[in-house]
Amino acid sequence: MEQIEDFFRRFEQLNDIGVSLSSERELPRLLEKILSAAKQITHADAGTLYLLSEDQRQLCFEIVCNDTLAINIGGTFGPPDPALFPPLPLYRPDGSRNDNMVAAYAALAGVTINIADAYEAEGFDFYGTRQFDAKTGYRSQSFLTVPM
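The following paragraphs examine the structure supplied in this document. Given the structure is predicted, the values throughout are model-derived calculations rather than measurements. (Residues numbered from 1 in each chain as written. Predicted model: local features only at pLDDT ≥ 70, side-chain atom pairs only at ≥ 80, totals over all residues. Heavy atoms only, no water.)

**Comments concerning the overall build of the protein**
Part 1: Broken down by element type, the protein carries four helices and six strands.
Part 2: Scored against the burial criterion, the 148 residues of the protein give a buried share of 30%.
Part 3: For the protein, restricting intrachain contacts to residue pairs at least 6 apart in sequence, the fraction spanning at least 24 positions comes to 42%.
Part 4: Accessible surface for the protein amounts to roughly 9,800 Å². Of this, 54% is attributable to carbon and sulfur atoms. (Helix = DSSP H or I, 4+ residues; strand = E, 2+ residues; numbered from the N terminus. Buried < 20%, exposed > 50% of the residue type's maximum accessible area, 1.4 Å probe, protein only. Contact = heavy atoms within 4.5 Å. Areas by Shrake-Rupley, 256 points an atom, 1.4 Å probe, with all protein chains shown as cover.)

**As for the pattern of salt bridges**
Part 1: Applying the stated criterion across every chain yields a total of four salt bridges.
Part 2: Put simply, glutamate 26 and arginine 29 hold a salt bridge, and the shortest N to O gap is 3.7 Å.
Part 3: For arginine 29, a relative accessible area of 36% puts it in the partly exposed group.
Part 4: The partner of aspartate 99 in a salt bridge is arginine 97, with the nearest N and O atoms 3.3 Å apart. (Salt bridge = Lys/Arg side-chain N within 4 Å of Asp/Glu carboxyl O.)

**Focus on the packing of aromatic side chains**
Part 1: All told, the structure shown has five aromatic pairs when counted by the stated rule.
Part 2: Between phenylalanine 61 and phenylalanine 85 the ring centres are 5.4 Å apart and the planes differ by 50 degrees, which places this aromatic pair in the tilted class. Of this pair, phenylalanine 61 sits in strand β2 (residues 58–66) while phenylalanine 85 sits in the loop between β3 (71–74) and β4 (88–89), and the two are 24 residues apart along the sequence.
Part 3: Classification of phenylalanine 85 as buried rests on a relative accessible area of 15%.
Part 4: Between phenylalanine 126 and phenylalanine 143 the ring centres are 5.1 Å apart and the planes differ by 50 degrees, which places this aromatic pair in the tilted class. Here the residue phenylalanine 126 occupies a position in the loop between β5 (113–115) and α4 (127–136), and phenylalanine 143 occupies one in strand β6 (residues 143–145), the gap between them amounting to 17 residues.
Part 5: Judged by relative accessible area, phenylalanine 126 falls into the buried class, the value being 3%. (Phe/Tyr/Trp six-rings, centres within 6.5 Å; stacked < 30°, edge-to-face > 60°.)

**Observations concerning the side chain of asparagine 98**
Part 1: Structurally, asparagine 98 is set in the loop between β4 and α3 (102–109).
Part 2: Of note is the side chain of asparagine 98, whose polar atom sits 2.7 Å from the backbone oxygen of proline 89.
Part 3: Setting aside its immediate chain neighbours within four residues, asparagine 98 contacts Pro89, Leu90, Tyr91, Arg92, Ala104, Tyr105 and Leu108. (Polar contact = N/O pair within 3.5 Å; in protein donor to acceptor, adjacent residues only side chain to side chain.)

**Focus: the environment of glutamate 120**
Part 1: If you trace the backbone, glutamate 120 turns up in the loop between β5 and α4.
Part 2: Residue glutamate 120 is classed as exposed on the basis of its relative accessible area of 63%.
Part 3: On a C-alpha basis, the gap between glutamate 120 and glutamine 141 in space is 9.2 Å, while along the polypeptide they are 21 residues apart.

**Some remarks on unusual backbone geometry**
Part 1: The residue histidine 43 is not glycine, and still its phi comes out positive at about 60 degrees.
Part 2: Mapped onto the elements, histidine 43 comes out in the loop between α2 (27–42) and β1 (46–52).
Part 3: Taking relative accessible area as the criterion, histidine 43 reaches 57% and is therefore assigned exposed.
Part 4: With a phi close to 60 degrees, glutamine 56 is a non-glycine residue in the positive phi region.
Part 5: Secondary-structure assignment places glutamine 56 in the loop between β1 and β2.

Purely geometric stuff here, so don't read any function into it on its own.
What follows is the structure, encoded as structure tokens:
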């Protein structure tokens, strides 16, 4: 019975996002709703939403939130400080794709990536994640990266 209730709760959240897509006029508020619903649906402790830069060469942090660390930056409060959250390059200096960063790869390839444990994953560079964890005492684990 609890699984059915959870399913309907998730369905209602998706329906709310669908309504917001057609009715919400403020992009920051819409993005907050999308990230909040995604976190609730996946039972995630944290989430990040990036926007593509105007030159389409970087992913810029738009919203960063982490329940455990009580971090809620961006969205309707303006984008996160680029000095603290620098943009992720989609391309290397030689012009090749930056396929080592999971968010860049997902954006460029247009695929969803699900990683069970960033500390054990192969093929992606989680250096920034490890730096964040070392500074905050947090332990990032799974990553679900979905291009929109």
